[in-house]
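Structure assessment
Each chain, written out:
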Amino acid sequence: MTTDIAVGVLALQGAFYEHVKLLRQAATEVALKNGQRWEFVEVRTTQELERCEGLIIPGGESTTVSLVAARSNMLEPLRNFVKVHRKSTWGTCAGLILLAESANRTKKGGQDLIGGLDVRVNRNYFGRQTESFETPLALPFLNSRNGDGRNDTFNGIFIRAPVVEKLLPVVQGEQTGEGALDETVIAPAKEAEGERAKKQVLRPVEVMATLPGRSRTLRGEVAALGMADEVGDIVAVKQGNVFGTSFHPELTEDARIHVWWLEQVRDLLDNQDQHR
Ligand code: GLN
């Protein structure tokens with residue numbers, strides 16, 4: 001029997017429909033085995049979440065999403081999805097904020113994070129709504145898609161966008177040092193138990209894209225990563241099953257990142273199946 005692979009988009013608030021649209025477009029390019037098909041689900045309940053093998057948390061307003069998620073009793077299921085079951089999860093903009101282990105520029109107690117990425121985000125780094133902008137981004141992880149060696153840029157749409165301002169030590173549990181900072185919230189600890197925990201390998205945070213020319217922070221971080229000094233602000237990161245972007249690919253017509261991400265979802269599933 002073949003089962004379809006369900007991928008969800010959290011549909012509590014924000015640009016979820018746009019993600020579903022691009023996922024459908026991307027799906028035609030990402031082949032599955034044995035006649036399996038992709039299925040895309042708008043996720044508003046725990047039951048819908050439980051059907052999914054991957055999840056996108058869209059842009060919008062992170063405070064609102066976390067309030068609605070708390071009211072719908074979805075915060076814990078979301079944390080389990082990301083940090084215990086380690087399913088593929090991608091957050092864009094507000095979604096990136098929710099997936100961070102630490103976020104500043106936020107009132108203490110005013111926002112619950114899901115966590116999963118050992119980073120600190122600065123919530124409104126790129127300013128207020130009026131300071132939104134678009135800029136061509138080089139996305140090295142997509143280069144392999146351009147077989148002819150071209151390095152096509154991606155139109156980065158930034159709307160009151162956060163930035164990753166610090167890579168945190170990769171720890172199992174809570175980023176306790178972060179909790180002591182003013183106006184910073186942290187995600188609660190969430191760990192797999194028993195046999196599953198033993199199998200979990202902590203992955204490093206990978207910097208997937210930077211925005212050159214706006215660099216004010218991170219010199220030290222970047223040096224530690226062995227990258228060139230003038231790299232700029234970090235606008236995309238990946239840590240194991242979790243991926244986050246500051247910008248909004250769903251507001252473009254370009255499905256390249258969605259194609260790449262669906263391949264990640266598929267490959268992670270294949271891997272987990274082999275180790276089951
Ligand atoms: N800065 C916003 C927040 O805190 C995110 C903006 C967005 O998703 N476009 O939620």
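Please read these numbers as outputs of a predicted model, since none were measured by experiment.

Examining the site of the ligand
Around the ligand lies a shell formed by G59, G60, E61, S62, C93, A94, I97, R123, N124, I159, R160 and H248. In this structure, an oxygen atom belonging to the ligand sits 2.5 Å away from a main-chain N or O atom of S62. A distance of 2.8 Å is found between a nitrogen atom of the ligand and a backbone nitrogen or oxygen belonging to R160. If the ligand stood free it would expose 300 Å²; the protein chains cover 98% of that surface. Residues of the shell around the ligand, tallied by class, amount to four nonpolar, five polar and three charged.

Remarks on the pattern of salt bridges
Within the structure shown, the criterion is met by 14 salt bridges. Across the pair D270 and K33 runs a salt bridge, and its minimum N-O distance is 3.5 Å. Of this pair, D270 sits in helix α9 (residues 256-275) while K33 sits in the loop between α1 (16-27) and β2 (38-43), and the two are 237 residues apart along the sequence. Judged by its relative accessible area of 48%, K33 falls in the partly exposed class. For the salt bridge of E61 with R123, the shortest nitrogen-to-oxygen distance reads 2.9 Å. A residue pair is termed long-range when its members are at least 10 positions apart, and E61 in the loop between β3 (54-57) and α3 (62-71) and R123 in the loop between β6 (117-122) and β7 (133-137) qualify at 62 residues.

Topic: α3
Restricting attention to buried positions, one finds in α3 the residues S62, V65, S66 and A69. Projection of α3 onto a plane perpendicular to its axis shows the buried side chains occupying an angular sector of 95 degrees, all on one side. As for α3, its buried residues are in contact with β1 (5-10), α4 (75-84) and α5 (94-99). Note on α3: the residue one or two positions beyond its end, N73, has a positive phi of about 55 degrees.

Considering unusual backbone geometry
Not every positive phi belongs to a glycine, and N73 is a case in point at roughly 55 degrees. If you trace the backbone, N73 turns up in the loop between α3 and α4. Of note in the backbone geometry, C93 takes a positive phi value of approximately 55 degrees without being a glycine. For C93, the location among the structural elements is in the loop between β4 (88-92) and α5.

Scoring rules and cut-offs
Residues numbered from 1 in each chain as written. Predicted model: local features only at pLDDT ≥ 70, side-chain atom pairs only at ≥ 80, totals over all residues. Heavy atoms only, no water. Near = heavy atom within 4 Å. Polar contact = N/O pair within 3.5 Å; in protein donor to acceptor, adjacent residues only side chain to side chain. Areas by Shrake-Rupley, 256 points an atom, 1.4 Å probe, with all protein chains shown as cover. Nonpolar A, V, L, I, M, F, W, Y, C, P; charged D, E, K, R; others polar. Salt bridge = Lys/Arg side-chain N within 4 Å of Asp/Glu carboxyl O. Helix = DSSP H or I, 4+ residues; strand = E, 2+ residues; numbered from the N terminus. Buried < 20%, exposed > 50% of the residue type's maximum accessible area, 1.4 Å probe, protein only. Arc of directions from axis to C-beta. Contact = heavy atoms within 4.5 Å.

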